[in-house]
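# Fold and geometry: a report
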Amino acid sequence: MKVKIPVLIVIAILIAGIAAAAVIAAEPQLPEEPPPPEQITVGDTPYITADYLSGCIFAALKNYSSVSQINQQGLNATAAVLYSSLLYLYEINSLDRDVFPCVEYMSMEEAAEYYGSAYQEFNIMVRSAAKYAMNVNVTYGGENVFLPLCRISSGALIDPAECNMNMPWCKKLYCLTDRDEPRYSGGCQLTSDGFTAVFLTRFPSAVLPPDIGGWISDIKTDTDGNVLSVSAGGVTMSGWEFCQLFGIRSVCFEMTYTDRLFSFTSKGDGGSAGISVAAAMQLGARGDSAEEIIKTFFEVDINAAYTG
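Computed from a predicted structure; not experimentally measured.

## What to know about the nonpolar core
- If you look at the biggest cluster of nonpolar residues, it comprises 93 residues, and the most contacted ones within it are Ile57, Leu61, Phe242 and Phe298.
- Of the residues forming this core, the biggest block, 10 residues, is contributed by helix H3 (residues 72-91).
- Among residues more than four places away in sequence, those in contact with Phe242 are Ile216, Val230, Ala232, Met237, Ile248, Phe253 and Phe264.

Rendered as structure tokens:
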């Protein structure tokens, strides 16, 4: 026995189907997130992205000699921060390590020599962290941004509102336990000849005044002693740019000058802004996830990035 369906019902079903299809077609289609680059070029050298990111992670871990001193969640957070910065620099075509801002890198050969017998254990954790980082998307306002990183803060991270960082996603935090890190304090010296060689390579048209003692001047700090800006050879630059240029270990430094020699004593390791690797490891050790650690230091969004 055949069941007869009234013609009006059939027409109603067809109309409803057409209307639903029209609604679906009318919905705006979000553009697909572009996949991360499989290869990047730094200077004139091409690298597989995962390998280059791993080298940046190794560089961030220089203060550790054993994997017992680190943990995977702190390492994952560190890797995700570095990867966000690499993506940002890649997008603006500024992956040159000699241009500020930049991300420090260590080749696998350098890492193997630096970490010695512990290299293989470090490499397993570093590669895992790189894989994690390349599968999350850390953004601010939907965009990749540069996320500053220091190995050890001075104990106080720089407030972006106090300098020209223009990075509102960074937080002003106190990482007091960083002061207990074994390599918290340091020092170095810079000869006048050394200053001249570095400075004129970077600024070849500059003319240095005869008063050598005044080559480094007008040092401005925040209330915690972090150098926000400094005049070097008459060129005003940020404290972190100055440290990267001349190899000063930390932006929290004091300087003296005697007989053509600049002497620096420093606290911490790096720009003392963004995320402290030492503090990230401490948070990971207490049980915080990588996402929680990142959001401790930055006002950012974290999502699964690439599922293809």
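## Overview of the packing of H3 against helix H8 (residues 277-285)
- For the pair H3 and H8, the least separation of the axes is 7 Å and the interaxial angle reads 140°. By the criterion of interaxial angle, the relationship of H3 to H8 is oblique. For the pair H3 and H8, the sense of crossing is right-handed. Only Val277, Ala280, Met281 and Gly284 of H8 make contact with H3, whose side of the interface consists of Gln73, Gly74, Leu75 and Thr78.

## Description of the environment of Leu75
- Here Leu75 is to be found in helix H3.
- Between the C-alpha atoms of Leu75 and Ile57, which are 18 residues apart in sequence, the distance is 8.2 Å.
- Beyond its immediate sequence surroundings of up to four residues, Leu75 is in contact with Ile57, Leu61, Ile70, Met125, Val126, Ala129 and Met281.

## What about the packing of aromatic side chains?
- Considering all chains together, one arrives at 18 aromatic pairs under this definition.
- Geometrically, the ring pair formed by Phe58 and Tyr119 is stacked, given 5.6 Å between the ring centres and 20° between the ring planes. Here Phe58, found in helix H2 (residues 49-60), pairs with Tyr119, found in helix H5 (residues 119-133); they are 61 residues apart in sequence, far enough to count as distant. Tyr119 shares its class with Phe58; the two are buried.
- With centroids separated by 4.8 Å and ring planes inclined at 10°, the aromatic side chains of Phe195 and Phe246 adopt a geometry described as stacked. With Phe195 in helix H6 (residues 192-202) and Phe246 in helix H7 (residues 239-246), this residue pair connects regions lying 51 residues apart in the sequence.
- For Phe246, a relative accessible area of 9% gives the class buried.
- Among the aromatic residues, ring-to-ring pairing joins Phe195, Phe199, Phe203, Trp215, Phe242, Phe246, Phe253, Tyr257, Phe262 and Phe264 into one connected group.
- The ring of Phe203 has Arg202 sitting right over it, with the charged end atom 4.8 Å from the ring centre.

## As for the sheet that holds strand S7 (residues 227-232)
- Spatial strand order, S6-S7-S8: 3 strands in an open sheet with antiparallel pairing. Two strands in the sheet have a free side with no partner beyond their single neighbour: strand S6 (216-221) and strand S8 (235-238). Strand-to-strand, the axes of this sheet are offset by a mean angle of 20°, without reference to chain direction.
- In terms of strand pairing, S7 meets S8 through 4 bridges, oriented antiparallel. Looking at S8, one finds that Val230 is bridged to Met237.

## So, H5
- Taking 1.5 Å per residue, 15 residues should reach 21 Å; H5 reaches 20 Å between its end C-alpha atoms and fits that length.
- Check the buried side of H5 and you find it contacts H2, H3, helix H4 (108-115), strand S3 (136-139) and helix H9 (290-297).

## Considering the sheet that holds strand S9 (residues 253-258)
- Strand order across the open sheet formed by 3 strands is S5-S10-S9, with antiparallel pairing between neighbours. Across the chains shown, the open sheet's two edge strands, defined by having one partner strand only, are strand S5 (185-191) and S9. Within this sheet the neighbouring strands show an average axis-to-axis angle of 15°, counted without direction.

## A few points about the side chain of Ser85
- By the element assignment, Ser85 lies in helix H3.
- Non-local contacts of Ser85, meaning those with residues more than four positions away in its chain, are made with Val103, Val145, Phe146 and Leu147.

## Looking at unusual backbone geometry
- Even without being a glycine, Asp259 presents a positive backbone phi close to 50°.
- Relative to the helices and strands, Asp259 resides in the loop between S9 and strand S10 (261-267).
- Asp259 gets classed as exposed once you look at its relative accessible area, which sits at 67%.
- For Ser272, which is not glycine, the phi dihedral falls at a positive 50°.

Rules behind the numbers
- Residues numbered from 1 in each chain as written.
- Predicted model: local features only at pLDDT ≥ 70, side-chain atom pairs only at ≥ 80, totals over all residues.
- Heavy atoms only, no water.
- Core = buried A, V, L, I, M, F, W, Y, C linked by side-chain atoms within 4.5 Å.
- Buried < 20%, exposed > 50% of the residue type's maximum accessible area, 1.4 Å probe, protein only.
- Helix = DSSP H or I, 4+ residues; strand = E, 2+ residues; numbered from the N terminus.
- Contact = heavy atoms within 4.5 Å.
- Axes fitted to C-alpha atoms, helices over the stretch in contact; angles between N-to-C directions.
- Parallel < 35°, antiparallel > 145°, perpendicular 65-115°, else oblique.
- Left-handed = near helix turned anticlockwise from the far one by under 90°.
- Phe/Tyr/Trp six-rings, centres within 6.5 Å; stacked < 30°, edge-to-face > 60°.
- Lys NZ or Arg CZ within 6 Å of the ring centre and 35° of its normal.
- Pairing = 2+ DSSP bridges.
- Expected span 1.5 Å × (residues − 1).

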